[in-house]
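Architecture at a glance
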Amino acid sequence: DAGVIQSPRHEVTEMGQEVTLRCKPISGHDYLFWYRQTMMRGLELLIYFNNNVPIDDSGMPEDRFSAKMPNASFSTLKIQPSEPRDSAVYFCASSPSSEQYFGPGTRLTVT
Amino acid sequence: DQQVKQNSPSLSVQEGRISILNCDYTNSMFDYFLWYKKYPAEGPTFLISISSIKDKNEDGRFTVFLNKSAKHLSLHIVPSQPGDSAVYFCAATGLNTDKLIFGTGTRLQVFP
């Protein structure tokens, strides 16, 4: 298996633009998680899905953030409009149980 | 409220010696603990875990110890190797949640 796939690996955008991050989980994993990593806060859980259904989005910082999982093999995290403080590394992880398997992350820079 | 704490942001150890990374937690409902390792420009990778019914779990050079009364766990790496240089995250979860709560990480550097 190729593992969790994220795209793009790097994204540089201007403040106010829409950003869409993509994730393909490991086949057969029922859970999908979106995290954000910053120096100040470490790894923060933004939202997670179980069988494509959002279960807990309490970590989503603002209404500017939204996530979808239209099917078992694809999820998106969208930021609209983006702001400089959204600059971080965003990880997607999938899991069959307690152990989560992370993708390589998307480094987002908002100027 | 930081439920999982790694109070040492960094640790430097000589190759061949033991590395001990520490983690404390506050939530008594946590019953499963994991350690992840992260290299630069990569996602965290699962390393080792322990259930609250055990106090020790060993996998090769890696051993995790759990002290439930103190709400403390530690990861021992013996012997340490330069390739172990990475950021190590402690994480915890409980019966009533699917979420992992991560600590802020400890950067381990193993020097020759």
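In this report, the structure presented in the accompanying data block is examined. (Residues numbered from 1 in each chain as written. Chains lettered and ligands numbered in written order. Predicted model: local features only at pLDDT ≥ 70, side-chain atom pairs only at ≥ 80, totals over all residues. Heavy atoms only, no water.)

1. A word on the overall build of chain A
Rule in force here: Every helix listed is a DSSP run of H or I at least four residues long, and every strand listed is a run of E at least two residues long, numbered separately from the N terminus. When we talk radius of gyration, it's over C-alpha atoms, and the globule rule is simply 2.2 Å times the number of residues to the 0.38. Working rule for contacts: check all heavy atoms of both residues, and any pair within 4.5 Å makes them a contact. Values of accessible area rely on a 1.4 Å probe in the Shrake-Rupley scheme; residue burial ignores everything except the protein chains shown.
Broken down by element type, chain A carries 0 helices and 11 strands. Mapped from its N terminus to its C terminus, chain A presents α and β elements in the order β-β-β-β-β-β-β-β-β-β-β. Computed over its C-alpha atoms, the radius of gyration of chain A comes to 13 Å, within 12% of the 13 Å expected for a compact globule of 111 residues. With the principal axes as the frame, chain A shows a C-alpha extent of 35 × 25 × 25 Å. Long-range pairs, those at least 24 residues apart, make up 52% of the contacts in chain A with a sequence separation of at least 6. Per element, the accessible surface of chain A, about 5,500 Å² overall, is 48% carbon and sulfur.

2. Observations concerning the side chain of glutamate 44 of chain A
Checked against the element boundaries, glutamate 44 of chain A lands in strand S5 (residues 42–50). With sequence-adjacent residues up to four places away left out, glutamate 44 of chain A is seen in contact with Trp34, Tyr35, Arg36 and Thr38 of chain A.

3. Things to note about the interface of chain B and chain A
Put simply, the rule is: By buried area we mean how much accessible surface two parts lose on assembly, using a 1.4 Å probe and totalling the loss over both. We count a salt bridge whenever a side-chain nitrogen from Lys or Arg sits within 4 Å of a carboxyl oxygen from Asp or Glu. Within 3.5 Å is the distance limit for a polar contact, defined as a pair of N or O atoms, with the added protein rule that one can donate a hydrogen and the other accept it, and that residues adjacent in sequence qualify only through two side-chain atoms.
Listed per partner, the contact involves 16 residues of chain B and 17 residues of chain A. Here chain B meets chain A over a buried area of about 1,400 Å², counting both sides, of which 59% is carbon and sulfur. Among the residues of chain B in contact with chain A, Asp98, Lys99 and Phe102 of chain B are the three that bury the most area, contributing 35% of the side total. Scanning the region where chain B abuts chain A turns up 1 salt bridge. Lysine 99 of chain B is the partner of aspartate 56 of chain A in a salt bridge, and the nearest nitrogen-oxygen pair spans 2.8 Å. Taken together, the connections running from chain B to chain A amount to 5 residue pairs in polar contact (both at pLDDT 80 or more).

4. Let's talk about the sheet that holds strand S1 (residues 5–7) of chain A
All names here are of chain A. Inclusion rule: Two strands qualify as a pair provided that DSSP identifies no fewer than 2 bridges between them. Helix axes use the C-alpha atoms of the stretch in contact, all axes being lines fitted to C-alpha atoms, and the angles between their N-to-C directions lie in the range 0 to 180 degrees.
With respect to topology, 4 strands assemble into an open sheet ordered S1-S3-S8-S7, the strand pairing being antiparallel. The open sheet has two free edges, formed respectively by S1 and strand S7 (65–71), since each of these has just one partner strand. Neighbour-to-neighbour, the strand axes of the sheet open up by a mean angle of 15°, direction not taken into account. Of the pairings in the sheet, the one linking strand S3 (residues 19–24) to strand S8 (residues 74–79) comprises 5 bridges and is antiparallel in character. Across the sheet, the residue bridging to cysteine 23 is serine 75, located in S8.

5. Focus on the state of the cysteines
Note on terminology: disulfide describes a covalent bond linking the sulfur atoms of two cysteines. Inclusion rule: Throughout, disulfides are identified as pairs of cysteine sulfur atoms within 2.5 Å of each other. Classification of residues uses two cut-offs on accessible area relative to the type maximum, computed with a 1.4 Å probe and protein chains only: under 20% is buried, over 50% is exposed, and between them is partly exposed.
Using the criterion set out here, one finds 2 disulfides over all chains in the structure. The residue that forms a disulfide with cysteine 23 of chain A is cysteine 92 of chain A, at a sulfur-sulfur distance of 1.9 Å. Between cysteine 23 of chain A and cysteine 92 of chain A, the S-S dihedral sits near -65°, and the bridge is therefore left-handed. With cysteine 23 of chain A in strand S3 and cysteine 92 of chain A in strand S9 (residues 88–95), the pair connects residues that are 69 residues apart, well separated along the chain. As far as burial versus exposure is concerned, cysteine 23 of chain A and cysteine 92 of chain A are alike and both buried. Residue cysteine 23 of chain B pairs covalently with cysteine 90 of chain B via a disulfide, S to S 2.0 Å. The sign of the -70° torsion about the S-S bond sets the cysteine 23 of chain B-cysteine 90 of chain B disulfide as left-handed. With cysteine 23 of chain B in strand S3 (residues 19–25) and cysteine 90 of chain B in strand S9 (residues 86–94), this pair connects stretches of sequence that are 67 residues apart. Here cysteine 23 of chain B matches cysteine 90 of chain B in class, with each residue buried.

6. Notes on the packing of aromatic side chains
Going by this rule: Classification of ring pairs rests on two measures: the distance between centres of Phe, Tyr or Trp rings, Trp counted by its six-membered ring, which must be within 6.5 Å, and the angle between planes, read as stacked under 30 degrees, edge-to-face over 60 and tilted in between.
One pass over the full model with this rule turns up 14 aromatic pairs over all chains. Ring centres of phenylalanine 102 of chain A and phenylalanine 102 of chain B lie 5.9 Å apart, and the angle between their planes is 80°; this geometry places the pair in the edge-to-face category. Of this pair, phenylalanine 102 of chain A sits in strand S10 (residues 101–102) while phenylalanine 102 of chain B sits in strand S10 (residues 101–102), each in a different chain. Among the residues examined, phenylalanine 102 of chain A registers a relative accessible area of 11% and is labelled buried.

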